[in-house]
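Secondary and tertiary structure notes
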Amino acid sequence: MGEQKRIKALIAKPGLDGHDRGAKVVAHALKEAGMEVIYSGLHKTIDQIINIAIQEDVDVIGLSIMSGAHIPIAQKLAEKMKEKGIGDKLVFVGGVIPGRDIPKLKEIGVAGVFPGGTPLAETIAFMKSAVKRD
Amino acid sequence: MTVARYIKDEKDKILDVVLESGIHVKTMYTPDDLQRIGFDYGKDVADAGQYPYTRGIHAQGYRSRAWTTRQYTGFGTPAETNERFKLMIAHGQTGLNVAFDLPTQMGYDSDDPMAEGEVGRVGMAIDTLRDFEIAFKDIRLDKIGAGLTINAVASIMLAMYQAVGEKYGYDAKVISATPQNDILKEMIGRGAWIFPVEPAVKLIGDTIEYSMTTMPKTNPVSICGYHIRESGATPAQEIAYALLIANAYIDNVLARGYDVDEFVGRFSFNLNVFGNMWEQVAKFRAARKLWARNLKERYNVKKAQNLFLRGLFGGGGLGLTKAQPENNIMRGAYYALVAALSGAQTTALCSFDEAFTIPTPHSALLSLRTLQLLMDEMGLRDTVDPLAGSYFIETITKEMEQKIEEEMAKIEQYGGIVKAVSDGYIQRLVARQAFEMEKGLESGELQKVGVNIHKEGEPMEVELHEYNYASAEKQIASLQQVRKERSAQQVAQTLKELETAAREGKNVMPYLVACCKAYATVGEMAGVFRQTFGEFQEPSLF
């Protein structure tokens with residue numbers, strides 16, 4: 001593991017919601033777990049998030065969504081990622097996500113869904129195993 | 001959740017308890033403790049209704065009047081929200097607390113591309129005065145006050161509230177709105193900011209200045225320690241930052257040449273009940289005392305009633321869990337008890353399903369009933385400040401006072417609250433503390449029923465509020481209809497005048513009222529401010 005490049009993650013807040021406690025907690029947790037973390041800040045459009053992901057060449061994009069708009073947001077992100085040729089990057093979603101929406105998010109292409117209350121260790125373990133290293 | 005740290009021996013016996021604000025709780029308190037802290041009844045607490053108001057701002061407490069109940073309400077279209085308002089009022093709710101959707105809070109119209117997917121989702125969509133006419137139809141605006149949970153564009157919404165009042169025949173002098181209107185806390189937590197610090201604070205000053213004469217029953221600002229606490233602040237920090245933020249708004253209005261006694265009596269506070277219950281009770285008692293002392297000593301406030309810390313103590317959202325969601329009903333009841341024991345003027349509870357989505361009518365009414373039970377059944381109206389005189393409560397109230405003062409001093413030393421928020425100093429501090437709390441939950445150092453202890457049992461399904469996509473379409477159609485019907489020339493004219501006023505640094509409120517009456521949209525008015533003032537640059541997290 002020591003020789004491997006560190007996992008680089010973008011924690012992003014798409015849309016208009018400003019509740020960022022969860023996003024910041026996850027950002028801190030990933031950083032403490034040895035990853036390189038970029039936090040987008042609030043009120044980002046999908047285009048802005050994709051631009052950061054490309055510029056910073058991140059391995060993972062984590063979206064924090066508390067407003068209930070996770071399905072339309074994830075859909076839009078997936079479409080635009082394909083358009084921009086970064087459809088292979090891993091996406092995970094956290095926030096206020098009812099259990100019944102998880103299958104739909106997976107269908108859209110979200111690799112991991114971590115609703116509020118998920119242990120941080122679970123999110124970290126998921127990312128470590130899901131990011132493929134050559 | 002235990003948010004206090006418990007030091008135990010190997011047999012689970014508690015050796016020490018350290019409250020979040022850093023106070024050590026002893027096994028037993030005696031008269032010696034009061035002596036140790038130099039307790040002086042007259043100076044430290046005094047009777048309710050007497051300076052420094054530690055025991056409460058009214059001599060009669062809840063005997064003369066029970067608290068105002070104000071469940072946070074709003075979703076979908078104004079018509080759907082109006083129906084829910086009436087349901088809550090019909091069930092005995094005594095105030096309104098309006099939830100706006102995110103596009104409205106962020107100053108975008110429902111058909112703006114930025115609003116896509118968000119219209120009517122976490123609150124009701126408001127685009128023009130037409131929407132307020134529907135939302136407040138058949139509600140006696142002279143009898144019931146409305147909290148408006150909006151911050152960056154609170155000035156616009158207050159203007160619209162005046163416009164709707166007048167439309168329905170209520171003079172601006174008889175209506176009572178409580179816009180949240182606390183932008184510095186939005187920059188610390190909750191995040192619904194738009195404009196940079198300086199013009200954003202100036203807009204708040206405008207609403208305060210305008211209310212003084214035009215809407216004297218309105219409470220133009222409700223300073224929210226609440227969201228700062230939810231973002232990771234300790235109870236002592238919650239109060240310290242709220243008081244400093246209030247001072248920043250006072251300073252803005254004082255600089256316009258007013259006497260502090262002309263306006264500060266209309267300030268109110270929104271504070272959080274989540275946490276160790278004793279620490280919260282001590283917090284509220286100390287907060288009343290410190291606010292009164294701050295006003296008297298720092299600002300030389302003369303009128304006794306202007307020294308009152310009037311507050312909504314409630315919520316507790318951070319304490320709710322998705323695991324074993326029905327437990328949130330019981331948590332709510334204890335939070336409400338804390339609010340009642342602390343002498344809240346107004347209260348509202350997070351409903352048990354709010355860890356999932358916005359509340360159903362069923363869960364919202366359960367919260368309302370929880371509040372009513374305390375006042376009407378359990379005896380919380382009997383006597384004022386019932387915990388006063390407890391060796392324990394009086395000791396930790398005094399200790400809380402010191403902790404809050406220490407936190408205030410740290411920020412003053414840093415360069416003041418405006419600098420601490422602009423630089424992101426407070427944001428980084430509370431985010432770090434939030435992370436530490438999560439780590440405490442993961443390690444088991446902090447306990448939470450259903451989460452890391454007493455997890456037995458099957459997961460349960462909760463009936464959830466359904467988002468209605470058709471509501472968004474209806475709202476957009478209605479907005480487009482208003483755009484067709486209104487006088488384009490009048491809209492352009494009033495917006496032009498608003499722009500000039502904003503650029504020249506005039507009080508924008510009368511201009512906003514004119515825009516609202518011309519059916520200008522929230523997006524158009526906020527757009528003028530965006531162009532004139534620019535946008536807040538968020539400081540970095542790390």
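Residues numbered from 1 in each chain as written. Chains lettered and ligands numbered in written order. Predicted model: local features only at pLDDT ≥ 70, side-chain atom pairs only at ≥ 80, totals over all residues.

**Things to note about the overall build of chain A**
Summing up its helical and strand segments, chain A has five helices and five strands in all. Listing every helix and strand of chain A by position from the N terminus yields β-α-β-α-β-α-β-α-β-α. Taking 2.2 N^0.38 as the reference for a compact globule, 134 residues should give roughly 14 Å; the C-alpha atoms of chain A span a radius of gyration of 14 Å, in line with that estimate. A buried classification covers 49% of the 134 residues belonging to chain A. When contacts within chain A are restricted to residue pairs at least 6 apart in sequence, those whose partners lie at least 24 apart make up 71%. (Helix = DSSP H or I, 4+ residues; strand = E, 2+ residues; numbered from the N terminus. Rg over C-alpha atoms; globule rule 2.2 N^0.38 Å. Buried ≥ 20, exposed ≤ 12 C-beta atoms within 10 Å, placed from the backbone. Contact = placed C-beta atoms within 7 Å.)

**Re the sheet that holds strand E2 (residues 14-18) of chain B**
With respect to topology, three strands assemble into an open sheet ordered E1-E2-E3 (chain B), the strand pairing being antiparallel. Looking at the sheet topology across the chains shown, the edges are occupied by strand E1 (5-8) and strand E3 (24-25) of chain B. (Pairing = 2+ DSSP bridges.)

**A short note on the interface of chain B and chain A**
Taken together, the contact between chain B and chain A spans 33 residues of the former and 28 residues of the latter. Taken together, the elements giving at least two residues each to the side of chain B that touches chain A come down to helix H4 (102-105) and helix H16 (425-443) of chain B. Per-element tally for the side of chain B that touches chain A: the top contributor is H16 of chain B, with six residues. A per-class count over the side of chain B that touches chain A returns 16 nonpolar, seven polar and ten charged. (Nonpolar A, V, L, I, M, F, W, Y, C, P; charged D, E, K, R; others polar.)

**A word on helix H19 (residues 509-517) of chain B**
Residues and elements named next belong to chain B. Within H19 the residues assigned to the buried category are Met-509, Tyr-511, Leu-512, Val-513, Cys-515 and Cys-516. Turning to H19, the residues buried within the fold contact helix H5 (129-135), helix H6 (154-167), helix H8 (197-214), helix H18 (488-503) and helix H20 (522-533). Immediately beyond the C-terminal end of H19, within one or two residues, lies Tyr-519, with a positive phi of roughly 65°.

**Observations concerning unusual backbone geometry**
In the segment running from Tyr-51 of chain B into Pro-52 of chain B, the intervening peptide bond is cis, with an omega of 10°. As for its placement among the helices and strands, Pro-52 of chain B is situated in the loop between helix H2 (41-45) and strand E4 (68-69). Unlike most non-glycine residues, Asp-57 of chain A shows phi in positive territory, near 50°. Along the chain, the position of Asp-57 of chain A falls in the loop between helix H2 (46-56) and strand E3 (60-65). We classify Asp-57 of chain A as exposed; it has 10 C-beta atoms within 10 Å. Phi is positive for His-454 of chain B, which is not a glycine, with a value near 50°. With respect to the helices, strands and loops of the structure, His-454 of chain B is situated in the loop between H16 and helix H17 (469-485).

**Quick word on H20 of chain B**
Residue and element names in this part refer to chain B. End to end, H20 covers 16 Å across twelve residues, agreeing with the expected 16 Å (1.5 Å per residue, within 8%). Against H4, H6, H18 and H19 lie the buried residues of H20. Where H20 ends, the next residue or the one after it, Gly-534, has phi of about 80°, a positive value. (Expected span 1.5 Å × (residues − 1).)

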